[in-house]
Every structure is written in C-alpha cells, then in structure tokens.
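Structural characterization, general
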Amino acid sequence: MAELKGLSESRDLTRIERIGAHSHIRGLGLDSALEARAVSEGMVGQQSARKAAGLILQLIRDGKIAGRAILLAGQPGTGKTAIAMGLAKSLGQETPFATVSGSELFSLEMSKTEALTQAFRRSIGVRIKEEAEIIEGEVVELTIDRPAAAGGGASGSGQSSSASKTGKLTLKTSDMETVYDLGAKMIEALMKEKVQSGDVITLDKASGKVTKLGRSIGRSRDYDAIGPHTKFVRCPEGELQKRKEVVHCVTLHEIDVINSRTQGFLALFTGDTGEIRGEVRERIDTKVAEWREEGKAEIVPGVLFIDEVHMLDIECFSFLNRALENDMAPILVIATNRGITTIRGTNYRSPHGIPADFLDRLLIISTQPYTEEEIRKILDIRCEEEDVEMSMDAKVLLTKIGAETSLRYAINLITAAALACQKRKGKIVEMGDISRVYQLFLDVKRSAQYLMEYQSQYMFNEVLREADENETTQSKMILYSWPAPLYGPCIDERHEHLVSERTSTCRCHGTKT
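Note that the coordinates shown come from a computational prediction; the quantities given were computed from them, not determined experimentally.

Okay, the packing of aromatic side chains next. Per the counting criterion, the structure on display carries four aromatic pairs. Ring centres of Phe317 and Phe358 lie 5.6 Å apart, and the angle between their planes is 50 degrees; this geometry places the pair in the tilted category. Separated by 41 residues along the polypeptide, Phe317 in helix H10 (residues 314-323) and Phe358 in helix H11 (residues 356-359) bring together distant segments of the chain. Overall, Phe317 belongs to the buried group, its relative accessible area being 1%. Relative to Tyr454, the ring of Tyr450 lies with its centre 4.7 Å away and its plane at 40 degrees, an arrangement referred to as tilted. Within this pair, Tyr450 and its partner Tyr454 are both found in helix H16 (residues 444-454), separated by four residues, close to a single helical turn. The ring centre of Phe106 lies 4.1 Å from the NZ or CZ of Arg344, which sits over that ring. One cation-aromatic arrangement involves Arg446 over Tyr438; the distance from NZ or CZ to the ring centre is 3.8 Å.

The next subject is helix H2 (residues 47-62). Relative to the 22 Å expected for 16 residues at 1.5 Å per residue, H2 spans 23 Å between its end C-alpha atoms, a close match to the ideal helical length. The complete set of buried residues in H2 reads Ala49, Arg50, Ala53, Gly54, Ile56, Leu57, Leu59 and Ile60.

With that settled, consider the packing of helix H12 (residues 372-385) against helix H13 (residues 392-404). Between H12 and H13, the least distance of the axes is 9 Å, while the angle of their chain directions is 125 degrees. Here H12 is positioned oblique relative to H13, judged by the angle of their axes. As H12 runs across H13, the sense of the crossing is right-handed. Mapping the contact onto sequence places Glu372, Ile375, Arg376, Leu379 and Asp380 in H12 and Met392, Lys395, Val396, Leu398, Thr399, Lys400, Gly402 and Ala403 in H13. Counted by class, the contact of H12 with H13 contains six nonpolar, two polar and five charged residues.

So, on to the sheet that holds strand E4 (residues 97-101). Spatially, E4-E13-E14-E3-E17 is the arrangement adopted by the five strands of the open sheet, whose pairing is parallel. Strands with a single pairing partner mark the edges of an open sheet, and in this sheet they are E4 and strand E17 (362-366). On average, adjacent strands in this sheet sit at an angle of 20 degrees to one another, irrespective of strand direction. Bridge analysis of strand E3 (residues 69-73) against strand E14 (residues 331-336) gives five bridges, and the strand direction is parallel. Counterpart to Leu72 in the pairing with E14 is Ala335.

With that settled, the discussion passes to empty space enclosed by the protein. Throughout the structure, instances matching the rule amount to one cavity of 30 Å³ or more. Lining of the largest cavity is provided by Ala53, Ile56, Ile70, Leu72, Ile83, Ala84, Leu87, Val333 and Ile365. When contributions to the lining of the largest cavity are tallied by element, the ones reaching two or more residues are H2, E3 and helix H3 (80-91).

What counts and how
- Residues numbered from 1 in each chain as written.
- Predicted model: local features only at pLDDT ≥ 70, side-chain atom pairs only at ≥ 80, totals over all residues.
- Heavy atoms only, no water.
- Phe/Tyr/Trp six-rings, centres within 6.5 Å; stacked < 30°, edge-to-face > 60°.
- Helix = DSSP H or I, 4+ residues; strand = E, 2+ residues; numbered from the N terminus.
- Buried < 20%, exposed > 50% of the residue type's maximum accessible area, 1.4 Å probe, protein only.
- Lys NZ or Arg CZ within 6 Å of the ring centre and 35° of its normal.
- Expected span 1.5 Å × (residues − 1).
- Axes fitted to C-alpha atoms, helices over the stretch in contact; angles between N-to-C directions.
- Parallel < 35°, antiparallel > 145°, perpendicular 65-115°, else oblique.
- Left-handed = near helix turned anticlockwise from the far one by under 90°.
- Contact = heavy atoms within 4.5 Å.
- Nonpolar A, V, L, I, M, F, W, Y, C, P; charged D, E, K, R; others polar.
- Pairing = 2+ DSSP bridges.
- 1 Å grid on protein atoms, 1.4 Å probe; cavity = no way out; pocket = protein on both sides within 12 Å on 5 of 7 lines; lining within 4 Å.
- Points joined across faces, edges and corners; volume = space filled by probe spheres on them.

Put into structure tokens, the structure is as follows:
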C-alpha cells in the first residue's frame, strides 16, 4: 500500500510540474461572430483586446495579406502572452507559429539578422502536393517461398536465402481481385509490418512503402487475429491501383536546412542549423515559386511572435522594417510592457522603446489591468488547472492579495499554499495556508522595502552621493509606485490569518486588533 501511495503522489507531482504559466489557455474565447465571451477557453476579461485579436485571426486564416505587424502593449501581468498563446491555439496545427524572445537573439551563435531571418522562415509554411500511385486492397492470401539454402558458408547461405525469397500476394477490392508477384524487398516490408490475411493495406509503387490501414470488417470474427487495439475498416471499393494526392506540410526553414547541410533531413534533429547562405535561400524561393505556378505547392503564411520586443536594438528594427515588405512575410506579433524608454543601441527615447518609423507600421492592441472580479475568475481557473481545492474564504483572501500586489504573485501562491495544506494533512486550502505562504514568500514591494531598510548590511552597497540625489529620488518614486503591503500577522495569537496593515482590522471578525 505504501508503494502504491508513493506512486500516486509521484504521478500527482509530475502532473503539477508539467503545468505551465499558460497551460490553461485553449484559445481566444470568441464566438462565431468573433465576439469575446466573458470567460471562455481559459481567457478572462480583456474583451476589447481579444476581439481585436480575433480580427487578426481571421486575417491570418485568409492568408491573402502579408507583412502586417501587431503590437500587444500593456502593463506587466495583463495577459499579453496569454492572448498570443490563445491566437496560436486558435490557428491549429496547420498554421506555423514561431515564438522567439527579444533577448535570446543576442545569445545565439549567429548574427542577429540571421536569427531573425530563420525565425521568419520558420513562420512560413509550404503545403506541397504530389500525386502518388498506390495499390490499396484487402489481403486475401500471402504466400512466401523459402527455398533451401545452397552449400557454402553460413553467412553466404544466409544472404543467398534472403536474396532468393519469392512470394505471391493476393489483394482484392469490392469489385476485383489480383495476384502480385513479390520480390525480396517487398517481402521484407510486408514482414516488417506483420501483414497477414484479412488486413487492409496500401502499397506505394514508387517507394515500396507498406502501410497497414487496419483489419477488414469481414474478418471481425477471427478472434485469433484481433488485439486490444485492432482497428476495423471497410474493404476498399473500385480498382486496386489508384492515384492519390499526398500533402506534405513543411516550413521554409526546414527546406533551407535540408538543402544546406550534408546530412540533409537529419540536420533538423541534430540541431546543426548554423548560418545559411543567401544563395541557398534564393534557389529555394525560386523553386517554391515554380511549384506555386504549377499548382504543386501552396504558401501558408504563419505567425511570428516576438516577446520582449523592447530588447531588440536599432539594427534589428531596421531589418524588421525591410523584412515586412517581402511578399512571403508572415504576420508579426510583438509584445512589450515598457513605456517611454530608450531605444537599444541609441540615445533616443521612444514609446515602448520602438523607433517611430517601425511604430507607424504597427496595429497596436492595448491590454488593461484586471479587475478584482476578473482576478478571482483567473484564480479559479488556475486552481482547477493545478488541481488545488481551495475554500471560498481562502480565494477571497488570495484575490485581495492579487489585486493589491500582482496577479502573478497570487498565482504563484496557489501551489505553495497547497503544499502547506498537505503538510498539515489537510485536503482543502484554508485562509491559514494562504497566510503562512504569504509570510514566507515576499512580493516585490515588501522585498524592496526590506532592501531599503537593510541595504547597508549587503556587500558591495554603493554609498549615495549628492550628485546622484536626483536619480535616487526618481528611483525611489518608481520603487514606491508599487501598492502598499497588504497584510501582516494578526496580533491575537488565537488568529492564524492575516490582517490589513492599513486598517489593522481582523478580516474574520471585523474587530480592531
């Protein structure tokens, strides 16, 4: 029993570890008219921003306009990345969605412009169509002749036996039946797939690939050949030999890597992409353009999401300006939480740290701080996602903490409070658990106050000079712009919860402490 209990606990912990900051996001939460629902698909509030993102979603799905750029701008913790993730989930698997952080461009072993070029080409898909001749039917009989090995060494006789294998394959559809002679390679392919009488298979005539589609419904009573995961399919109709359109979806970057490395397709798995020469890309673009004219390929413009765009420098912004003018440019979505700040690489200040000429290209979507009711709904969703059961009083307290500190801080307390509850062998997180973790883990404001109070005791603390008084005053204003601390421990030892430091009022009993 102890082993089973430990196993279940380890599974629960594994599930919690795999929960990400935006794992609860399933989409943008829009209806068929692209109107934002109040709470849907993990999204709460920000209805104006989500409605605007819905219009961008329709623009991307149409795929007719390239080179559009959207800026998600707002304070920290207002759901910018959540909207971008919802956009990616709404697009589905077929539309390429590449994500890159502005700061990571400066830590790669390649130039900034090369990293941006690769990010752009990862965001552009190519749907390649080709017709293949296949043979599709139900296996009636499969016979393999294994002649006796001729004299000679053991290894030589084995190779001779393998090479001299012959056989016959009888396939049928609802309209016809044909017998095919098999060679050694085809026999090996059939044996590898464990094909037997009653299976429905397809054979690619060009490559010799064998694909087992399932078990024929007519053989459903053959219990000896049925496993727990057996799939039953109908016997194919029409002729055995057919021409079938096969669609391959790849990105331009994958085609670049395959054509620029000696190991070809395997380079995608080794991670050895490196810098790719411009001549290779030009040849690929020419070839893709030819395929488009012949109707063999279709361009699928995707989305490139650049988070922390204020970390890009003036060279990157100049490159983006030019790249967006390309016919095959994806939809660019960028996000920032900066106000008016210095453009990296210059001494000039600009809104969001973005040059004015690039700002002029952007459609700007603004996000607003969440209301207390919206914070409550988000915390409810996160509690369900993290599999934490919490009492109503604890949720009210956690909502108040999130409203007066930050939503991210409140979300981080959920799992910590659940572990504190587990430590006292409880099943439901109570106010006392929230109080305990609130005292253990500081928010930004309380941490900053502690540093200001004990800064002289820290190593390498610089003594403030008179020449820096203006800068110090400004930094203090920024420091104290955060909300005042919310709660402190109750003076009454019988109370395990927190009380407001502003009013010194006990939240449970409404009495002065």
